[in-house]
Amino acid sequence: MKNHLRELRAREKVTQDELAQKAGVTRQTILAIENGKYNPSLELAFKLSAIFKVPIEKIFEQ
């Protein structure tokens with residue numbers, strides 16, 4: 001699954017650590033998602049959507 005998490009983080013000037021803390025996960029989880037090595041749970045996808053104030057479809061695509 002392709003995602004735009006890295007681009008959203010860069011646009012908002014948020015570090016992996018900061019995003020991980022806001023989402024309640026580890027920095028390694030954020031890194032794995034950005035690298036396409038981990039597909040987040042639906043709950044985490046909704047959290048990321050809320051953090052960036054964009055629809056889930058703007059972050060993740062198939």
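Refer to the structure presented above.
Since the structure is predicted, the reported quantities are computational estimates derived from the model, not experimental observations.

**So, the pattern of salt bridges**
At step 1: Going through the model one piece at a time under the given rule, you end up with four salt bridges.
At step 2: Close ionic contact of glutamate 12 with arginine 11 constitutes a salt bridge, the shortest N to O distance being 3.3 Å.
At step 3: Using a relative accessible area of 41% as the deciding quantity, one classes glutamate 12 as partly exposed.
At step 4: In this structure, the salt-bridge partner of lysine 47 is glutamate 43, at a minimum N-O distance of 3.9 Å. Of this pair, lysine 47 and glutamate 43 both sit in helix α4 (residues 42–52), four residues apart, roughly one helical turn.
At step 5: A single salt-bridge network, built from bridges that share partners, covers Arg6, Arg9 and Glu34.

Quick notes on the rules
- Residues numbered from 1 in each chain as written.
- Predicted model: local features only at pLDDT ≥ 70, side-chain atom pairs only at ≥ 80, totals over all residues.
- Heavy atoms only, no water.
- Salt bridge = Lys/Arg side-chain N within 4 Å of Asp/Glu carboxyl O.
- Buried < 20%, exposed > 50% of the residue type's maximum accessible area, 1.4 Å probe, protein only.
- Helix = DSSP H or I, 4+ residues; strand = E, 2+ residues; numbered from the N terminus.

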